[in-house]
Amino acid sequence: MVSATFNKIEMKPKEYKSEIKPVWCPGCGHHGVLASVYRAMSELGIQPSDFINISGIGCSSRLPYFVKSYKMHTLHGRAGAVATGTQLARPDLPVVVSGGDGDGFSIGGGHMPHMARKNVNMTYVLMDNGIYGLTKGQSSPTSRREMKAYITPYGGVEEPLNPILYMLTYGATYVGQAFAGNPKMCAALIKGAIEHKGFAYVNIFSQCPTFNKLDTAKFYRGLVEEVPEDHDTSDMENAMRLARRPDGKAPVGLLYQEDRQTLDEAMAGLVELVGGSADYDLKKIIDKNRP
Ligand code: SF4
Ligand code: MG
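To keep things clear, this report deals only with the structure shown in the data block.

About the thresholds
- Residues numbered from 1 in each chain as written.
- Chains lettered and ligands numbered in written order.
- Predicted model: local features only at pLDDT ≥ 70, side-chain atom pairs only at ≥ 80, totals over all residues.
- Heavy atoms only, no water.
- Buried < 20%, exposed > 50% of the residue type's maximum accessible area, 1.4 Å probe, protein only.
- Helix = DSSP H or I, 4+ residues; strand = E, 2+ residues; numbered from the N terminus.
- Arc of directions from axis to C-beta.
- Contact = heavy atoms within 4.5 Å.
- Polar contact = N/O pair within 3.5 Å; in protein donor to acceptor, adjacent residues only side chain to side chain.
- Near = heavy atom within 4 Å.
- Nonpolar A, V, L, I, M, F, W, Y, C, P; charged D, E, K, R; others polar.
- Salt bridge = Lys/Arg side-chain N within 4 Å of Asp/Glu carboxyl O.
- Pairing = 2+ DSSP bridges.
- Right-handed = clockwise from strand over helix to strand, strands pointing away.
- Axes fitted to C-alpha atoms, helices over the stretch in contact; angles between N-to-C directions.

The subject of this paragraph is helix α8 (residues 236–243). Think of an α-helix as 3.6 residues a turn; residues three or four steps apart then line up on the same face. Those residues of α8 that sit buried are Ala239, Leu242 and Ala243. Each buried residue of α8 sits inside an arc of 100 degrees when the element is viewed along its axis, so together they form one side. For α8, the exposed residues set more than 90 degrees away from the buried face come down to Glu237 and Arg241. The secondary structure elements touched by the buried residues of α8 are α5 (163–170) and β10 (250–257). Among the residues of α8, the N-terminal cap falls to Asp235, whose side-chain oxygen and the backbone nitrogen of Glu237 are separated by 3.2 Å.

The structure is reproduced here in structure tokens:
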């Protein structure tokens, strides 16, 4: 299953670095995610001019600046909506969103279920650090209750959202999770996501040592556990069971993959149905079908 028919080229991971140097804090997990993106692009042999990297707002949304590619740094929470339109306009190219937990699940929360249920043929890499980093440390939808941030000095009063369970529930056709401290696994999942035909979601635990003192790299290392080798990635029920393990461990690896009609395929079918061309007269069709 390959999502896009881009031209292949031989480039080393470091050759995908743009002229802009990462500005993230030392020890930030996003450095590991960036290295994984370079590695995945190199392994796929993607030509930079064939790669579209879209982001919203936040520390993680800066990632496209550091990648040699076409890119759009859009509005807070709106990367998914822009990516959906971009993918429909250029279904031949890989479209990848880079963003964070606040950007994706709070401000952009209205878009997430729809990208999944419509099976937009794109990749969503979410760097989950359980905090808003760019705005200096507010709790986010994935913050644990125990985490004290300056607007929640006594800890949170809400349960955190479970990103992979959420994505499985809404119909994402590729769901994986990794820790930024394991770039090999991150790169393999990102590569698989780009190759996948459909909405691919990759959740990456990516520590913010500056503002989230609870979810450290050490904490994530102890939290994660690889999905069992015999896990059947077409088994949705088992993927959901793994996503909500009672012992609180977080599964890493590929949890679920399914082949289903994508939004661009469905739209192409519709164009075919109304006359085989995108230049159809919509008014005529509506008038003809008016009850
Ligand atoms: Fe990374 Fe946190 Fe620094 Fe942002 S504030 S660059 S998320 S460590
Ligand atoms: Mg965040």
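Now for the site of ligand 1. Near ligand 1, the surroundings consist of Trp24, Cys25, Cys28, His30, Cys59, Asn129, Gly133, Cys208, Pro209, Thr210 and Phe211. Here the residues of the shell around ligand 1 sort into seven nonpolar, four polar and no charged.

Evaluated as defined, the whole model comprises 12 salt bridges. Two residues, Arg245 and Asp247, come together in a salt bridge whose shortest N-O distance is 2.6 Å. The exposed category is assigned to Asp247, whose relative accessible area is 51%.

To continue, consider the pairing of strand β7 (residues 174–179). Counting buried residues in β7 gives six out of six residues, a clear majority hidden from the surface. Burial along β7 is two-sided: the residues Tyr174, Gly176 and Ala178 and Val175, Gln177 and Phe179 are all buried. Pairing geometry for β7 and strand β8 (residues 200–205), over six bridges, is parallel. Within the sheet, the bridge partner assigned to Val175 lies in β8 and is Tyr201. Viewed along the sheet, the connection from β7 through helix α6 (residues 183–195) into β8 turns out right-handed. Relative to β10, β7 runs antiparallel, the two being bridged by four bridges.

Here we come to the sheet that holds strand β9 (residues 224–226). Across the sheet, which stays open at both edges, the eight strands sit in the order β2-β1-β3-β4-β8-β7-β10-β9 with mixed pairing between neighbours. One side of each edge strand has no neighbouring strand; the edge strands of this open sheet are β2 (70–73) and β9. With direction set aside, neighbouring strand axes in the sheet form an average angle of 20 degrees. Contacts from α6 reach β3 (95–100), β4 (123–128), β7, β8, β9 and β10, with the element oriented near 160 degrees to β7.

These figures come from the coordinates and say nothing about function on their own.
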